[in-house]
Amino acid sequence: QTRKKSNNAWLTKREDGTKKDPAKVPDSKLLRGNIVAILNKITPQNFKDLSVQILQLGIDNMDKLEVAVEIIFEKAVLEPLYSQTYANLCKIMGAIKFPEEQNAKVSPFRKTLLNRCQKEFFREKSDGDKLNKKMDELQARTDLAENEKQAQMEELLFQSSKFKRRMLGNINFIGELFNLGMLSSKIILSQCIGNLLAKRAQGKLDDEVVECLAKLFSTVGLKLENECNDGLMKRAFEKSFGDFKELGSNSNYAYRIRFMIQDVVELRDNNWVPRRIVSGPQRIDGIHREHAKEEQEELQKMEAAVASSCRESKSRADLPDKRGAPRYSRFSAPYSRNETPQRFGYSICTMQDSDDGY
């Protein structure tokens, strides 16, 4: 007996035609898939071409714009090595304007993006406080078995590591947006640095907050200090950096955190020029140039080492021995056939040619 097929039976995507006919796929879902596919392939080498492809996807209303902002923001937060690339993409997409907002001073993309960054920044503060409170409550509980308590603590620690990665990624992305002129120095000083240092008066700051401050100062320090040239802004910057510097003398922090603060202080003393360049995404031709430069430097070192060794050998050969006679080597002329050098206190006579060859 065959079973009857229901009119509303469950079908896979390929069977109901959504994969074959893009017209049946919702616009937001289709746009999300296209943006994710482009961003997964984006590199400094093909950045220009792929950014044009994103602009040609037809983002013509706020719903599509919010989808694009959310995808780019999540990629930038979870992939901090590419945050500069995503910030450059946001700079280009800031030119998107809708017909009804042609005269707006701030582009809708920039406004939506900054609101998303601000929402994530303040949400992280509340989520961090809640997570710390849960961990303290779990430590104080005595009604749980040891293995169950350990399992719950491991889950909270995993959530804490995810929270830390998102927090640092968001701060890094905000700093890259500021370097491209999409944020003002007042917002960085008052909203970002000011809020991170706000709990300093209440006691010890969390390690994650100090790491965010160090990352933010390292990213925006040069441009921020140059823009804070008037009296009020300069005093605000000096006070904020002074408060951050004082955290390094707090023995309650781990050595890793204190050394991180010291690195930022030394970075400013060196005019914000890092001692070592952090490697990031590069163009293929740039990688080839660096490889050729390294090979050339290695070849020059080898040639210099060989030349130095030859000079040292020749200088040792030219020095006299204990009795004042010159030292003979492959760099000096050999003995003549009739010459009898005196060495080691006895004669070393050369063989005379004989008729029989002996």
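Within every chain, residues take consecutive numbers counted from 1 along the sequence as written. Per-residue local features of the predicted model are confined to residues with pLDDT of at least 70, and side-chain atom pairs are confined, for both listing and counting, to 80 or more; whole-chain, interface and lining totals are unaffected and use all residues. Side-chain metrics in this entry use all non-hydrogen atoms of the structure; hydrogen atoms and water are not considered.

**Observations regarding the overall build of the chain**
Now for step 1: Numbering of helices and strands runs from the N terminus; a helix is a DSSP stretch of H or I covering at least four residues, while a strand is a stretch of E covering at least two. Within the chain, the regular secondary structure consists of 12 helices and 2 strands.
Now for step 2: Contacts: residue pairs with any heavy atoms within 4.5 Å of one another. Taking the contacts inside the chain whose residues are at least 6 apart along the sequence as the reference set, 64% of them involve residues at least 24 apart.
Now for step 3: For the accessible areas, the method is Shrake-Rupley and the probe is 1.4 Å, while residue cover comes only from the protein chains on display. If you sum the accessible surface of the chain, you get close to 24,400 Å²; carbon and sulfur atoms cover 52% of it.

**Quick notes on the packing of helix H6 (residues 108-140) against helix H7 (residues 146-179)**
Now for step 1: In contact at an axis separation of 10 Å, H6 and H7 are set at 155° when each is read in the N-to-C sense. Comparing the axis directions of H6 and H7 gives the class roughly antiparallel. Here H6 runs over H7; the crossing is left-handed.
Now for step 2: Each residue belonging to the contact of H6 with H7 can be placed in one class, and the counts come to 16 nonpolar, 6 polar and 7 charged. Fitted lines through C-alpha atoms serve as axes, helices being fitted only where they are in contact, and the angles separating the N-to-C directions of these axes extend from 0 to 180 degrees. Note that the term roughly parallel is reserved for angles under 35 degrees, roughly antiparallel for angles over 145, roughly perpendicular for angles of 65 to 115, and oblique for everything else. In this scheme, a crossing is called left-handed if the near helix is turned counterclockwise away from the far one by less than a right angle; it is called right-handed if the turn is clockwise. Basically, the charged four are Asp, Glu, Lys and Arg, the nonpolar ten are Ala, Val, Leu, Ile, Met, Phe, Trp, Tyr, Cys and Pro, and anything else, Gly included, counts as polar.

**Quick word on the packing of helix H4 (residues 62-78) against H7**
Now for step 1: Packing of H4 against H7 brings their axes to within 7 Å, and their N-to-C directions diverge by 110°. On the basis of the axis angle, H4 is roughly perpendicular to H7. Contacts from Phe-73, Glu-74, Ala-76, Val-77 and Leu-78 of H4 reach H7 at Arg-165, Arg-166, Gly-169, Asn-170 and Phe-173.
Now for step 2: Classifying every residue of the contact of H4 with H7 by side-chain character gives 5 nonpolar, 2 polar and 3 charged.

**Focus: the nonpolar core**
Now for step 1: Counting residues in each nonpolar core, the largest one holds 67 residues, and the members touching the most others are Phe-173 and Phe-244.
Now for step 2: In this structure, Phe-244 is in contact with Val-210, Leu-213, Ala-214, Phe-217, Ile-261 and Val-264, ignoring residues within four places of it in sequence.
Now for step 3: Membership of the second largest hydrophobic core comes to 6 residues, among which are Met-135, Leu-138, Leu-144 and Leu-156. As used here, the term nonpolar core means buried Ala, Val, Leu, Ile, Met, Phe, Trp, Tyr and Cys residues forming a set that is joined through side-chain atoms within 4.5 Å. Categorising residues by exposure relies on relative accessible area from a 1.4 Å probe, with only protein chains included: less than 20% of the type maximum marks a residue as buried, more than 50% marks it as exposed, and the intermediate range marks it as partly exposed.

**Examining helix H11 (residues 255-269)**
Within an α-helix, residues lying three or four positions from one another point in the same direction, as the helix has 3.6 residues per turn.
Now for step 1: To estimate how far a helix should reach, multiply one less than its number of residues by 1.5 Å. For H11, built from 15 residues, the straight-helix expectation of 21 Å at 1.5 Å per residue is met to within 8% by its first-to-last C-alpha distance of 21 Å.
Now for step 2: Regarding H11, the residues found buried are Ile-257, Ile-261, Val-264, Val-265, Leu-267 and Arg-268. Buried residues in H11, looked at end-on, bunch into an arc of 160°, giving them a common side. Facing away from the buried side of H11 by more than 90 degrees, the exposed set consists of Tyr-255, Phe-259 and Asp-269.
Now for step 3: Buried residues belonging to H11 abut helix H9 (207-227) and helix H10 (231-246).
Now for step 4: Remark: Asn-271 follows H11 within two positions and exhibits a positive phi of approximately 60°. Arc definition: it is the arc formed by the directions from the helix axis to the C-beta atoms.

**Observations regarding the pattern of salt bridges**
Now for step 1: For this analysis, a salt bridge means a side-chain nitrogen from Lys or Arg found within 4 Å of a carboxyl oxygen belonging to Asp or Glu. Applying the stated criterion to the full structure yields 16 salt bridges.
Now for step 2: We note a salt bridge from Lys-64 to Asp-60, for which the minimum N-O separation is 3.5 Å.
Now for step 3: Judged by its relative accessible area of 18%, Lys-64 falls in the buried class.
Now for step 4: On the basis of relative accessible area, Asp-60 is assigned to the partly exposed category, the value being 48%.
Now for step 5: One salt bridge connects Glu-120 with Arg-166, and the closest N-O pair in it is separated by 3.1 Å. Of this pair, Glu-120 sits in helix H6 while Arg-166 sits in helix H7, and the two are 46 residues apart along the sequence. For the residue pair Glu-120 and Arg-166, the accessibility class agrees, reading buried in each case.
Now for step 6: Three or more residues are tied together by salt bridges with common partners; here these are Glu-70, Glu-74, Arg-116, Glu-120, Arg-123 and Arg-166.

**Concerning the side chain of Ser-83**
Now for step 1: Secondary-structure assignment places Ser-83 in helix H5 (residues 83-93).
Now for step 2: Side-chain atoms alone can form a polar contact between residues adjacent in sequence; in general such a contact is a pair of N or O atoms within 3.5 Å, and within protein one must be able to donate a hydrogen while the other accepts it. Reaching out from Ser-83, the side chain makes a polar contact with the backbone oxygen of Pro-80 at a distance of 2.9 Å.
Now for step 3: Sequence-distant contacts of Ser-83, that is, excluding residues within four places in its chain, are made with Ala-76, Asn-172, Phe-173 and Glu-176.

**Some points on H5**
Now for step 1: Every buried residue of H5 is listed here: Ser-83, Thr-85, Tyr-86, Ala-87, Leu-89, Cys-90 and Met-93.
Now for step 2: Looking at the buried residues of H5, the elements they touch are helix H2 (27-39), helix H3 (47-55), H4, H6 and H7.

**Some details on unusual backbone geometry**
Glycine aside, residues mostly have negative phi angles, and peptide bonds mostly take the trans form.
Now for step 1: Although it is not a glycine, Asn-271 adopts a positive phi angle of roughly 60°.
Now for step 2: Structurally, Asn-271 is set in the loop between H11 and helix H12 (284-318).
Now for step 3: Of note in this structure, Trp-272 is not a glycine but carries a positive phi near 65°.
Now for step 4: Locating Trp-272 in the fold gives a position in the loop between H11 and H12.
Now for step 5: For Trp-272, a relative accessible area of 9% gives the class buried.

**Considerations on a negative patch on the surface**
Now for step 1: Among the surface-exposed residues, Glu-290, Glu-294, Glu-295, Glu-297 and Glu-298 lie close enough to one another that they form a single negatively charged patch.
Now for step 2: By the element assignment, Glu-298 lies in helix H12. Residues enter patches when their relative accessible area tops 30% and they take part in no salt bridge; the joining distance is 9 Å for like charges and 5 Å for the nonpolar side chains Val, Leu, Ile, Met, Phe, Trp and Tyr. His is not counted, nor are the chain ends; Lys and Arg add positive charge and Asp and Glu add negative charge. Here the site of a charge means atom NZ of a Lys, CZ of an Arg, CG of an Asp or CD of a Glu.

**With respect to the packing of aromatic side chains**
Now for step 1: When two rings of Phe, Tyr or Trp (its six-membered ring) have centres within 6.5 Å they constitute a pair, described as stacked for plane angles under 30 degrees, edge-to-face for angles over 60, and tilted for the intermediate range. Under the definition given, this model contains 9 aromatic pairs.
Now for step 2: Their ring planes at 20° and their centres at 6.2 Å tell us that Phe-237 and Phe-241 sit as a pair that is stacked. Separated by 4 residues within a single helix, Phe-237 and Phe-241 lie in helix H10, roughly one turn from each other. Like Phe-241, Phe-237 is buried.
Now for step 3: Between the aromatic rings of Phe-241 and Phe-244, the centroid separation amounts to 6.1 Å while the plane-to-plane angle is 55°, which identifies the pairing as tilted. In this pair, Phe-241 and Phe-244 are both assigned in helix H10, 3 residues apart and thus about one turn of the helix distant.
Now for step 4: We classify Phe-244 as buried; its relative accessible area is 0%.
Now for step 5: By way of ring pairs, the aromatic residues Phe-217, Phe-237, Phe-241, Phe-244 and Trp-272 are connected into one cluster.

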